Amino acid sequence: MPQITSKIVPQLWFIESAKEAAEFYVGVFPNARIDRVTSLPADSPSGPAGSVEVVDFTLAGQPFVAFAAGRFDPFNHAISFTVRCEDQAEVDHYWNALLEGGTAEQCGWLKDRFGVSWQIVPVALGDYVADPDRAKARRVAEAMLKMGKIDLERLHEAARA
């Protein structure tokens, strides 16, 4: 069983279905796996011993922990995961996979079927927005603000305009 060695590990608190969510994410990302599924062996505020499911999993080499521990705080936009994509095919893959059963939002954001917020963005977007040519950066940013799923060709067109 791999042990988590990262200093900082994102942790997601699900009402239920932590294992189902982890299995879904493992099917979307490369270098991904379920590392361990355990139950909390003590009573907790969430329920009796054995009722809290803890899932250690890895996505694209990044370790995560998920709990299925009942109601606490719902997921919101204050925390999201950014998926940096090299090309439109990668944007399309992650957008379509994570959006299944979820909700599309603006500017490359989506909320998956478990309520987790994701930003699916091409690396080029960050480069364009940081471009020293501030007029180009503005055109690209304005184009991006009109999109749901990011269209890399439309960003390139805005940069060239």
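Residues numbered from 1 in each chain as written. Predicted model: local features only at pLDDT ≥ 70, side-chain atom pairs only at ≥ 80, totals over all residues. Heavy atoms only, no water.

(A) Focus on helix 2 (residues 88-99). For helix 2, built from 12 residues, the straight-helix expectation of 16 Å at 1.5 Å per residue is met to within 8% by its first-to-last C-alpha distance of 16 Å. V91, Y94, W95, A97 and L98 are the residues of helix 2 that are buried. Buried residues in helix 2 make contact with helix 1 (18-28), strand 5 (81-85), strand 6 (103-104), strand 7 (109-111) and strand 8 (117-122). The distance from a side-chain oxygen at the start of helix 2 to the backbone nitrogen of A89 is 3.3 Å, and the residue carrying that oxygen is D87. At the exit of helix 2 stands G101, carrying a positive phi of roughly 80°. (Helix = DSSP H or I, 4+ residues; strand = E, 2+ residues; numbered from the N terminus. Expected span 1.5 Å × (residues − 1). Buried < 20%, exposed > 50% of the residue type's maximum accessible area, 1.4 Å probe, protein only. Contact = heavy atoms within 4.5 Å. Polar contact = N/O pair within 3.5 Å; in protein donor to acceptor, adjacent residues only side chain to side chain.)

(B) Quick peek at helix 5 (residues 152-160). Along helix 5, the positions that sit buried rather than exposed are L152, L155, A158 and A159. Down the axis of helix 5, the buried set is contained in an arc of 120°. They therefore lie on one face. Considering only its buried residues, helix 5 is in contact with helix 2, strand 8, helix 3 (123-129) and helix 4 (134-144). Where helix 5 starts, the residue carrying a side-chain oxygen 3.0 Å from the main-chain nitrogen of E153 turns out to be D151. (Arc of directions from axis to C-beta.)

(C) Molecular detail of the sheet that holds strand 3 (residues 53-59). Across the sheet, which stays open at both edges, the four strands sit in the order 1-4-3-2 with mixed pairing between neighbours. Two strands bound the open sheet, and with one partner strand each, they are strand 1 (11-14) and strand 2 (33-39). Averaged over all pairs of adjacent strands, the angle between strand axes in this sheet comes to 20°, irrespective of strand direction. When strand 2 meets strand 3, the two strands line up antiparallel, connected through six bridges. Across the sheet, R33 pairs through a bridge with T58, a residue of strand 3. (Pairing = 2+ DSSP bridges. Axes fitted to C-alpha atoms, helices over the stretch in contact; angles between N-to-C directions.)

(D) Quick look at the packing of aromatic side chains. In the structure shown here, the tally under the stated rule is 13 aromatic pairs. Where F14 meets F75, the ring centres are 5.2 Å apart and the plane angle is 70°; that geometry is what we call edge-to-face. Residue F14 is located in strand 1, and its partner F75 is located in the loop between strand 4 (62-68) and strand 5; the two are separated by 61 residues in the primary sequence. The partly exposed category is assigned to F75, whose relative accessible area is 25%. These aromatic residues form a ring-pair network of at least three members: F14, F24, Y25, F29, F57, F64, F75, F81, Y94, F114 and W118. Here the basic side chain of R113 rests over the ring of F24, its NZ or CZ set 4.1 Å away from the ring centre. (Phe/Tyr/Trp six-rings, centres within 6.5 Å; stacked < 30°, edge-to-face > 60°. Lys NZ or Arg CZ within 6 Å of the ring centre and 35° of its normal.)

(E) How the structure looks around the environment of L59. Assignment of secondary structure puts L59 in strand 3. Since its relative accessible area comes to 5%, L59 is described here as buried. The spatial distance from the C-alpha of L59 to the C-alpha of V26 is 6.3 Å, given a sequence separation of 33 residues. When sequence neighbours within four positions are dropped, the list of residues in contact with L59 reads Y25, V26, F29, P30, N31, A32, F64 and W118.

(F) Expanded view of the pairing of strand 5. Side-chain alternation along strand 5 places F81, V83 and C85 on a buried face and T82 and R84 on a face that remains uncovered. Pairing geometry for strand 5 and strand 8, over five bridges, is parallel. Each residue of the ladder has a partner; that of F81, found in strand 8, is W118.

(G) Structural view of the sheet that holds strand 7. Taken in spatial order, the four strands line up as 5-8-7-6 in an open sheet, and their pairing is mixed. The outermost strands of the open sheet, each flanked by one partner alone, are strand 5 and strand 6. Strand direction decides the pairing type here: strand 7 and strand 8, joined by three bridges, are antiparallel. Following the sheet pairing, K111 is matched in strand 8 by S117.

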